[in-house]
Amino acid sequence: MSKLTLDFLGLHLTNPLMTASGCFGYGTDYADFFDPNILGAAVLKGLTLEPRDGNAGVRIAETPSGMLNCVGLENVGYDEFVRRVLPEILPQLHIPLIININGKTAEEYAELAARLNGIAEVAAIELNISCPNVKHGGMAFGTDPAQTERVVSLVRAASRKPLIVKLSPNVTDITVFARIAEAQGADALSLINTVSGMAIDINTQKPLLGNIFGGLSGPAVKPIAVRMVYQVSQVTSLPIVGMGGIRTAEDAIEFILAGASAVAVGCGLFNNPCAAVEIVDGLERYCEKHQTAVTDLVGRSHPDGGAAYRSKLKHRSTVRNTVQ
């Protein structure tokens, strides 16, 4: 048996590498470069109930060691996704598919989650709580504790799928939001989402992005993301999908040692479309060199070597499998 296999929310993954939503399209966009089935799982492009055109103007700007984006959740919407996209990609993908869901209100999130219950091919849902809540002045769900509690609670009640809550780094204390998500029934957490940022065109003397502000991703945010994974893994019993600036196997290993059970590569694919292949190969070599399973590396950088956190993860997995 490979040293990279793991049980994640009852799903058998051949390795801990996933894709970050928004960077991998609908799972087949990189098929010209590598077989997407080498991944442990694929997190698909963010989905909303209705089609979205996304933001106007410039959507992406390169920054030192990263990029800003304000794509605005452009997607085909639920109906077209089910009618056309899913039938097109299913023959090509034989790994667990995770759907990243978004909405303007908590009720929209819950409705979308409920609709996905009937699609067997959807292995889990990732709840993106960085969207602005139009009912509450545009504040992102993931930066207000009360709104985080409400949206996670409603989605948990509506969904029969494993629920991964994607946390925003744009908060004072991310552990507060991790605890809220766990208390409201999340099965796992993914972190981090992008860091809010801005760029100004010095020639026009105007904001460069059409939406003025955008989300910063890439190597520049990796130290922030590793720190937050480390913090959250010490206050929760939930498995974590770590992401933010992962380009190499060494980056992925750092996240795992911090407390991530799985990792996701995002904009690293933009400048190296074969990054996923290299990361999986590198993880395999590292585990062989150290004669250890990847699951035994989770949280190794903690003061106790991660023993307490891995024990919590094992207990949670045993309880879940017993219930199932």
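As shown above, the structure is provided for reference.
First, a word on what this report is: a plain description of the structure on this page.

Conventions and cut-offs
Residues numbered from 1 in each chain as written. Predicted model: local features only at pLDDT ≥ 70, side-chain atom pairs only at ≥ 80, totals over all residues. Heavy atoms only, no water. Helix = DSSP H or I, 4+ residues; strand = E, 2+ residues; numbered from the N terminus. Rg over C-alpha atoms; globule rule 2.2 N^0.38 Å. Buried < 20%, exposed > 50% of the residue type's maximum accessible area, 1.4 Å probe, protein only. Contact = heavy atoms within 4.5 Å. Areas by Shrake-Rupley, 256 points an atom, 1.4 Å probe, with all protein chains shown as cover. Lys, Arg positive; Asp, Glu negative; His and termini not counted. Charge placed at Lys NZ, Arg CZ, Asp CG, Glu CD. Pairing = 2+ DSSP bridges. Axes fitted to C-alpha atoms, helices over the stretch in contact; angles between N-to-C directions. 1 Å grid on protein atoms, 1.4 Å probe; cavity = no way out; pocket = protein on both sides within 12 Å on 5 of 7 lines; lining within 4 Å. Points joined across faces, edges and corners; volume = space filled by probe spheres on them. Nonpolar A, V, L, I, M, F, W, Y, C, P; charged D, E, K, R; others polar. Parallel < 35°, antiparallel > 145°, perpendicular 65-115°, else oblique. Left-handed = near helix turned anticlockwise from the far one by under 90°. Phe/Tyr/Trp six-rings, centres within 6.5 Å; stacked < 30°, edge-to-face > 60°. Patch = residues over 30% accessible without salt bridge, like charges linked within 9 Å, V, L, I, M, F, W, Y side chains within 5 Å. Salt bridge = Lys/Arg side-chain N within 4 Å of Asp/Glu carboxyl O.

## Quick notes on the overall build of the protein chain
Counting its secondary structure elements, the protein chain contains nine helices and 16 strands. Taken over C-alpha atoms, the radius of gyration comes to 19 Å for the protein chain, in line with the 20 Å a tight globule of 324 residues would show. Along the longest, intermediate and shortest principal axes, the C-alpha atoms of the protein chain span 55 × 45 × 45 Å. Counting the 324 residues in the protein chain, one finds 54% classified as buried. Long-range pairs, those at least 24 residues apart, make up 69% of the contacts in the protein chain between residues at least 6 apart in sequence. In the form shown here, the protein chain has an accessible surface area of approximately 13,700 Å², with 54% of it arising from carbon and sulfur atoms. If you average the places of the 27 positive and of the 31 negative side-chain charges in the protein chain, the two averages end up 5 Å apart.

## Notes on the sheet that holds strand 16 (residues 262-265)
Pairing between sheet strands relies on hydrogen bonds along the backbone, with the strands arranged either parallel or antiparallel. A sheet is described by the order of its strands in space; here eight strands give the open sequence 3-16-15-10-9-8-7-4, paired in parallel fashion. Of all the strands in the sheet, the pair left with one neighbour each is strand 3 (17-19) and strand 4 (42-47). Neighbour to neighbour, the strand axes of the sheet diverge by 25 degrees on average, direction disregarded. As paired strands, strand 8 (residues 122-128) and strand 9 (residues 163-166) are joined by four bridges and run parallel to one another. Across the sheet, Ile125 pairs through a bridge with Leu163, a residue of strand 9.

## Observations concerning unusual backbone geometry
Most of the time, phi is negative for any residue but glycine, and the peptide bond is trans. Cis geometry is adopted by the peptide bond preceding Ile192, which originates at Leu191 and carries an omega value of 15 degrees. A positive phi angle, near 50 degrees, is found at Gln291, a position not held by glycine. Here Gln291 lies in the loop between helix 8 (275-290) and helix 9 (307-323).

## What to know about the sheet that holds strand 6 (residues 66-69)
Ordered by their spatial adjacency, four strands build an open sheet running 5-6-14-11, and the pairing between neighbours is antiparallel. Looking at strand neighbours, the two that pair on one side only are strand 5 (60-63) and strand 11 (195-198), the edges of this open sheet. Taking each pair of neighbouring strands and ignoring which way they run, the sheet shows an average axis angle of 40 degrees. With three bridges connecting them, strand 6 and strand 14 (residues 213-217) associate as antiparallel partners. Each bridged residue has a counterpart across the sheet, and for Leu68 the counterpart in strand 14 is Leu216.

## Remarks on the layout of surface pockets
The volume enclosed by the second largest pocket comes to roughly 360 Å³. What lines the second largest pocket is a set of 16 residues, among which Asp7, Thr295, Leu313, Lys314 and Ser317 lie closest to the centre. Of all the elements in the fold, those that place two or more residues in the lining of the second largest pocket are strand 1 (6-8) and helix 9. The dominant element in the lining of the second largest pocket, judged by the number of residues it contributes, is helix 9, at eight residues. Taken together, the residues of the lining of the second largest pocket sort by class into six nonpolar, five polar and five charged.

## Quick word on the packing of helix 4 (residues 174-183) against helix 5 (residues 222-233)
Axis separation between helix 4 and helix 5 bottoms out at 9 Å; the angle between their running directions is 50 degrees. When the axes of helix 4 and helix 5 are compared, the pair comes out oblique. When you trace helix 4 past helix 5, the crossing you get is right-handed. Contact with helix 4, carried on its side by Ile174, Thr175 and Ala178, involves Met228, Gln231 and Val232 of helix 5 and no other residues of that element.

## Section: the packing of aromatic side chains
What the rule picks out here adds up to six aromatic pairs. Geometrically, the ring pair formed by Tyr109 and Phe141 is edge-to-face, given 5.1 Å between the ring centres and 90 degrees between the ring planes. Taken as a pair, Tyr109 in helix 2 (residues 106-116) and Phe141 in the loop between strand 8 and helix 3 (145-158) lie far apart in primary sequence, 32 residues in all. When its relative accessible area of 0% is taken as the criterion, Phe141 is described as buried.

## A closer look at a nonpolar patch on the surface
Side chains of Met198, Ile200, Ile212 and Phe213 sit close together on the surface and give an oily, nonpolar patch of about 380 Å² of accessible area. By the element assignment, Ile212 lies in the loop between strand 13 (206-207) and strand 14. Judged by relative accessible area, Ile212 falls into the partly exposed class, the value being 38%.

## Some remarks on the pattern of salt bridges
In total, this model carries 14 salt bridges according to the counting rule given. With its nearest N and O atoms 3.8 Å apart, the salt bridge here joins Arg115 to Asp79. In this pair, Arg115 is assigned in helix 2 and Asp79 in helix 1 (residues 78-89), connecting sequence segments 36 residues apart. Classification of Asp79 as exposed rests on a relative accessible area of 54%. Each of Glu50, Arg52, Lys104 and Glu108 takes part in salt bridges that share partners, so that together they form one network.

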